[in-house]
Amino acid sequence: MNRRSFAQSIGGAVALSAVAGSSVWSESTSDGTPGRVMAIAAHPGDGLFTMGAVLAQQIERGGTGALLSLSLGERGAPKDIPAQRYGEMQRTATEKATQLLKVEAIFLPYPDAEIPFNEESTLAVCDAIRQYKPDVVITHWSGSWHKDHQNCHLIVRDALFYAGLETLERSRPAHSVSKVFYADNWEDADNFVPDTYLDIEATYEKWLQACDFYPMWRGQTGFFRYNDYYSALSTMRGCLSGFKHAVALMSDPGQRTGRLRSLWDLLSKNRFTAGQRAVGPESVS
Ligand SMILES: [Zn+2]
């Protein structure tokens, strides 16, 4: 691929490298230091496989991370394991994985395949956001075939609104999240358009180790080759962004507007490591 087609293939996106000191988190905290990131997933596997590398990278840089799972994903059980027991296996795997990555694990008790989108679940996630106080939230994109993923997207959308609403009285004060991203998930691929690429090389191996606690990652519960897919995806996203391994994220469409004092700001702030220049939402000044 020549330089022109390379640039076209990633047109509109931003590549972020911790090494270069250019990071999405610096846009999210007032002093430019790594902040708090919260991943909110329908099932623990979604959290680790699609958001875990971002949490690990954030923590490696000195920030903190939490994974909120709305269910245990127990109905993904193979035929020879009862769903309840498989749910406990999923909980144990998540505890081990999050301990390894130094991520705080939070569970809500909704049944897999029946995660409700209602006031109760939305307020429960609102309360978790107010308690953890993240700068950045990552969750499912809406373009999913899976009803739990769709409901998680809607729950988080409204929970973010509730969390920041000063006049909504809960046990903890209001908290506004600075930035929302959607994760690159094979089940949420409809109209998923990544615009931010994060260099995960520093924590890539540790993230793979964390994922390996899950039987489904190792292909022991179904047909889908999670290990092959997500490790190959990180290589492919790395190829597109000029990193060895990368995670691609999609900004919330409502947060894509850039504010520039001059076009030169945009050119000087965003550079690919491969020498390409990019434009995008992180060009805010
Ligand atoms: Zn899922």
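The preceding data block contains the structure.
Residues numbered from 1 in each chain as written. Predicted model: local features only at pLDDT ≥ 70, side-chain atom pairs only at ≥ 80, totals over all residues. Heavy atoms only, no water.

Novice: How would you explain the overall build of the chain if you had to name every residue and give the values?
Specialist: Summing up its helical and strand segments, the chain has 8 helices and 8 strands in all. Across the 285 residues that make up the chain, the buried fraction comes to 53%. Across the chain, every contact between residues at least 6 apart in sequence was considered, and the portion connecting residues at least 24 apart equals 78%. A total accessible area of about 13100 Å² is found for the chain, and carbon and sulfur atoms account for 52% of it. (Helix = DSSP H or I, 4+ residues; strand = E, 2+ residues; numbered from the N terminus. Buried < 20%, exposed > 50% of the residue type's maximum accessible area, 1.4 Å probe, protein only. Contact = heavy atoms within 4.5 Å. Areas by Shrake-Rupley, 256 points an atom, 1.4 Å probe, with all protein chains shown as cover.)

Novice: Now, about the pattern of salt bridges: what can you tell me, with residues and values included?
Specialist: Applying the stated criterion across every chain, the model contains 7 salt bridges. Notably, a salt bridge pairs Asp228 with Arg225, separated by 2.9 Å at the nearest N-O pair. (Salt bridge = Lys/Arg side-chain N within 4 Å of Asp/Glu carboxyl O.)

Novice: Tell me about the nonpolar core, and name the residues and values.
Specialist: In this structure, Leu48, Phe49, Ile138, Trp207, Tyr214 and Trp217 are the most contacted members of the largest nonpolar core, which totals 38 residues. Breaking this core down by element, the ones donating at least two residues are strand 2 (36–41), helix 2 (44–60), helix 3 (83–101), strand 5 (136–139), helix 6 (204–211), helix 7 (226–241) and strand 8 (246–251). The biggest single contributor to this core is helix 2, with 8 residues. Trp207 has contacts with Leu48, Phe49, Gly52, Ala53, Leu101, Ile200, Trp217, Tyr230 and Ser234, leaving out every residue within four places of it along the chain. Formed by 30 residues, the second largest nonpolar core is a distinct cluster that contains Tyr110, Leu160, Ala163 and Met250. (Core = buried A, V, L, I, M, F, W, Y, C linked by side-chain atoms within 4.5 Å.)

Novice: Tell me about the coordination of the zinc ion, and please be specific about residues and values.
Specialist: Taken together, the protein donors to the zinc ion comprise His43 (ND1), Asp46 (OD) and His149 (NE2), at separations of 2.1 Å. Mapped onto the polypeptide sequence, the residues donating to the zinc ion form the spacing pattern H-x2-D-x102-H. On the criterion of sequence distance, the pair formed by Asp46 in helix 2 and His149 in helix 5 (residues 147–163) is long-range, its members being 103 residues apart. Grouping residues by exposure puts Asp46 and His149 together as buried. (Donors = N, O, S within 2.8 Å, 3.2 Å for Na, K, Ca; no water.)

Novice: Please provide a residue-by-residue account of helix 3, values included.
Specialist: Each α-helix turn comprises 3.6 residues. Residues three or four places apart therefore point the same way. Its 19 residues give helix 3 an end-to-end C-alpha distance of 27 Å, which sits within 8% of 27 Å, the value for a rise of 1.5 Å per residue. What helix 3 keeps buried is the set Tyr86, Gly87, Gln90, Ala93, Thr94, Ala97, Thr98 and Leu101. End-on, the buried residues of helix 3 take up no more than an arc of 125°, which puts them together on one face. Turned more than 90 degrees off the buried face of helix 3, the exposed positions are Gln84, Arg85 and Gln99. Those residues of helix 3 hidden inside the fold are in contact with helix 2, strand 3 (64–69), strand 4 (104–107) and helix 6. Lys102 lies just past helix 3 and shows a positive phi near 65°. (Expected span 1.5 Å × (residues − 1). Arc of directions from axis to C-beta.)

Novice: Explain the packing of helix 3 against helix 6 residue by residue, including any values.
Specialist: Look at helix 3 against helix 6: their axes get within 8 Å of each other, and the N-to-C directions meet at 165°. The angle between helix 3 and helix 6 falls in the class roughly antiparallel. The chirality of how helix 3 crosses helix 6 is right-handed. Only Lys206, Trp207, Gln209 and Ala210 of helix 6 make contact with helix 3, whose side of the interface consists of Ala97, Leu100 and Leu101. Grouping the amino acids of the contact of helix 3 with helix 6 by side-chain chemistry returns 5 nonpolar, 1 polar and 1 charged. (Axes fitted to C-alpha atoms, helices over the stretch in contact; angles between N-to-C directions. Parallel < 35°, antiparallel > 145°, perpendicular 65-115°, else oblique. Left-handed = near helix turned anticlockwise from the far one by under 90°. Nonpolar A, V, L, I, M, F, W, Y, C, P; charged D, E, K, R; others polar.)

Novice: Talk me through unusual backbone geometry; I want residue IDs and the actual numbers.
Specialist: A positive phi angle is found at Ala113, which is not glycine, with a value near 75°. With respect to the helices, strands and loops of the structure, Ala113 is situated in the loop between strand 4 and helix 4 (119–132). At Lys133, a residue that is not glycine, the phi angle is positive and equals roughly 60°. Mapped onto the elements of the fold, Lys133 is located in the loop between helix 4 and strand 5.

Novice: Lay out the environment of Pro215 in plain terms, naming residues and giving numbers.
Specialist: Relative to the elements of secondary structure, Pro215 occurs in the loop between helix 6 and helix 7. Along the backbone, Pro215 and Tyr86 are 129 residues apart, and their C-alpha atoms lie at a distance of 9.7 Å. Excluding its chain neighbours within four sequence positions, the residues that come into contact with Pro215 are Met89, Gln220 and Thr221.

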